[in-house]
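One letter stands for each residue in the lines below.
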Amino acid sequence: MSKPAGITGLFIATLLLTLHGFSINVAFKSNKKLQKNRFYVLALFLSLSDFAMGFEILYGSILLLLNSHGNAYLYQCMAINHIVAGTVLASQFHTLMICLERLGSTFINKPRILHIVTRNVAVVLCFVMINGFASLRFGLETLKGTFPCDQRYTATPSFLFSHDIPAVIILILIVLCYGITIYRIKKQRQTIGVQTVWNVEIPIDNRSKKDIRMCKNVITLGTIIGLTLVATLPRSITVFYSYNVGGSESALNFVWIANHVFVLLNPLFDPLIYAFTVRQYREHLISVCKCFQKPD
């Protein structure tokens, strides 16, 4: 199973690096947009996190193809499994930060705590700390010896309690934050409707542009959250089930599928979401496609 997994991983890693490299390039070309909109800044950080995951998967896939079975090889495989898990968790935390930023934008004066936790420093610190914790977990695991170079064996108690349970907790926080954001937006629109009835002067053009921009961001965020749910829950549920039944072969096989299919849905589809919702992304994509067309 190692060679098919390695080939699949190489393909996925190449696709991840290409798509998110394109996303990052578009983001930096839209520098003015980044300065004005925190949503796009945080989306850029999410792409950078997924880009890093692409390199990690690439390295892990090369290891699977080598399949040397030596101690150094097994330790490297263990390390990459832990680091990829850390990056996945960091990406989920970045999604939570995007939700918090959208929640903050529903306030006239953004709460200070939301401003602090969605700053660039907080995002970088989050990525470093989560991956540092994953490296520490790897260090503790090496005290028990080596494990086979197969991601099915990430269904261990250490991964369950330090990765899967925190992932589900973050997922619950994301859904709660998104629900509160939608509730506040609906409540504000009802308030605006009441004000209009009472002939209160409201700058309609500015309000409509802001509403359209907010709706697009909420739709984009909602789609990302939907993908996060699909990417997170199958693995977490399966690992929890595997832990309870003592690691049955069928459960471990599904963990392998979850790691290679479900977990990777989020980073793979994020750039496609940007293509449908961000005008600058679509325009740049069209211009790149035209460059590859044969001249008449």
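Residues numbered from 1 in each chain as written. Predicted model: local features only at pLDDT ≥ 70, side-chain atom pairs only at ≥ 80, totals over all residues. Heavy atoms only, no water.

**Describing the overall build of the protein**
Reasoning step 1: Within the protein one finds 11 helices and zero strands.
Reasoning step 2: Per-residue burial over the protein gives 46% buried out of 296 residues.
Reasoning step 3: Surface summary for the protein: the accessible area is close to 16000 Å², and the carbon and sulfur share equals 69%. (Helix = DSSP H or I, 4+ residues; strand = E, 2+ residues; numbered from the N terminus. Buried < 20%, exposed > 50% of the residue type's maximum accessible area, 1.4 Å probe, protein only. Areas by Shrake-Rupley, 256 points an atom, 1.4 Å probe, with all protein chains shown as cover.)

**Some remarks on the UniProt feature "transmembrane region" (unreviewed entry) in the protein**
Reasoning step 1: Under the UniProt annotation, the feature "transmembrane region" (unreviewed entry) is placed at residues 6-28, 40-66, 72-100, 121-140, 160-183, 218-242 and 254-276.
Reasoning step 2: For residues 6-28, the end-to-end C-alpha separation is 32 Å, with 100% helix and 0% strand making up the annotated structure.
Reasoning step 3: Spanning residues 121-140, this segment combines 100% helix with 0% strand, and its end C-alpha atoms are found 28 Å apart. (UniProt positions renumbered as here; feature names shortened; annotations may be inferred.)

**Thoughts on a nonpolar patch on the surface**
Reasoning step 1: Together, Phe161, Ile165, Ile169, Ile172, Leu173, Leu176 and Tyr243 make up a nonpolar patch on the protein surface, roughly 660 Å² of accessible area in all.
Reasoning step 2: Considering every element that reaches the nonpolar patch, the biggest residue donor is helix α7 (residues 157-197), with six residues.
Reasoning step 3: Counting through the fold element by element, Phe161 comes out in helix α7. (Patch = residues over 30% accessible without salt bridge, like charges linked within 9 Å, V, L, I, M, F, W, Y side chains within 5 Å. Salt bridge = Lys/Arg side-chain N within 4 Å of Asp/Glu carboxyl O.)

**Brief notes about the packing of aromatic side chains**
Reasoning step 1: Within this structure, the stated rule accounts for three aromatic pairs.
Reasoning step 2: Here Phe161 and Tyr243 contribute two aromatic rings whose centre-to-centre distance is 5.7 Å and whose plane-to-plane angle is 85°, an arrangement assigned as edge-to-face. In this pair, Phe161 is assigned in helix α7 and Tyr243 in helix α8 (residues 204-245), connecting sequence segments 82 residues apart.
Reasoning step 3: Residue class for Tyr243 comes out partly exposed when judged on its relative accessible area of 39%.
Reasoning step 4: For the pair Phe254 and Phe262, a centre-to-centre distance of 6.1 Å together with 35° between the ring planes defines the contact as tilted.
Reasoning step 5: Residue class for Phe254 comes out partly exposed when judged on its relative accessible area of 33%.
Reasoning step 6: Accessibility expressed as a relative area gives 23% for Phe262, which makes it partly exposed. (Phe/Tyr/Trp six-rings, centres within 6.5 Å; stacked < 30°, edge-to-face > 60°.)

**Side note on helix α6 (residues 120-142)**
Reasoning step 1: Taking 1.5 Å as the rise per residue, α6 with 23 residues should run 33 Å; its terminal C-alpha atoms sit 33 Å apart, in good agreement.
Reasoning step 2: Burial in α6 covers these residues: Ala122, Val123, Cys126, Ile130, Asn131, Ala134, Arg137 and Glu141. (Expected span 1.5 Å × (residues − 1).)

**Some words on the pattern of salt bridges**
Reasoning step 1: In this structure the tally under the stated criterion is three salt bridges.
Reasoning step 2: Among the ionic pairs, Arg102 bridges to Glu101, the shortest N-O distance being 2.8 Å. One exposure class covers both Arg102 and Glu101, and it is buried.
Reasoning step 3: Between Lys144 and Glu141 there is a salt bridge; the shortest N-O distance is 3.4 Å.
Reasoning step 4: Judged by its relative accessible area of 62%, Lys144 is exposed.
Reasoning step 5: Relative accessible area serves as the criterion here: at 6%, Glu141 is assigned to the buried category.

**Things to note about the confidence of the model for the protein**
Reasoning step 1: When pLDDT is averaged along the protein, the result is 80, and 79% of the positions lie at 70 or above.
Reasoning step 2: Within the protein, no element has a lower average pLDDT than helix α2 (residues 31-36), which sits at 61, and none a higher one than α6, at 92. (pLDDT = per-residue confidence, 0-100.)

**Section: the packing of helix α3 (residues 38-66) against α6**
Reasoning step 1: Here α3 crosses α6 at 20°, and the two axes come no closer than 11 Å. When the interaxial angle is binned, α3 and α6 end up roughly parallel. Pair α3 / α6 crosses with right-handed handedness. Only Asn120, Val123, Val124 and Phe127 of α6 make contact with α3, whose side of the interface consists of Arg38, Val41, Leu42, Phe45, Ser49 and Ala52.
Reasoning step 2: Here the contact of α3 with α6 is composed, by residue class, of seven nonpolar, two polar and one charged. (Axes fitted to C-alpha atoms, helices over the stretch in contact; angles between N-to-C directions. Parallel < 35°, antiparallel > 145°, perpendicular 65-115°, else oblique. Left-handed = near helix turned anticlockwise from the far one by under 90°. Contact = heavy atoms within 4.5 Å. Nonpolar A, V, L, I, M, F, W, Y, C, P; charged D, E, K, R; others polar.)

**So, the nonpolar core**
Reasoning step 1: In this structure, Ile98, Cys99, Ile174 and Leu221 are the most contacted members of the largest nonpolar core, which totals 28 residues.
Reasoning step 2: The set of elements that each furnish at least two residues to this core consists of α3, α4 (71-104), α6, α7 and α8.
Reasoning step 3: When residues in this core are grouped by element, the largest group, eight residues, is from α4.
Reasoning step 4: In contact with Cys99, not counting residues within four places along its chain, are Ile174, Cys177, Thr181, Leu221 and Ile225.
Reasoning step 5: Of all hydrophobic cores here, the second largest spans 11 residues; its members include Ile57, Val84, Val88 and Leu264. (Core = buried A, V, L, I, M, F, W, Y, C linked by side-chain atoms within 4.5 Å.)

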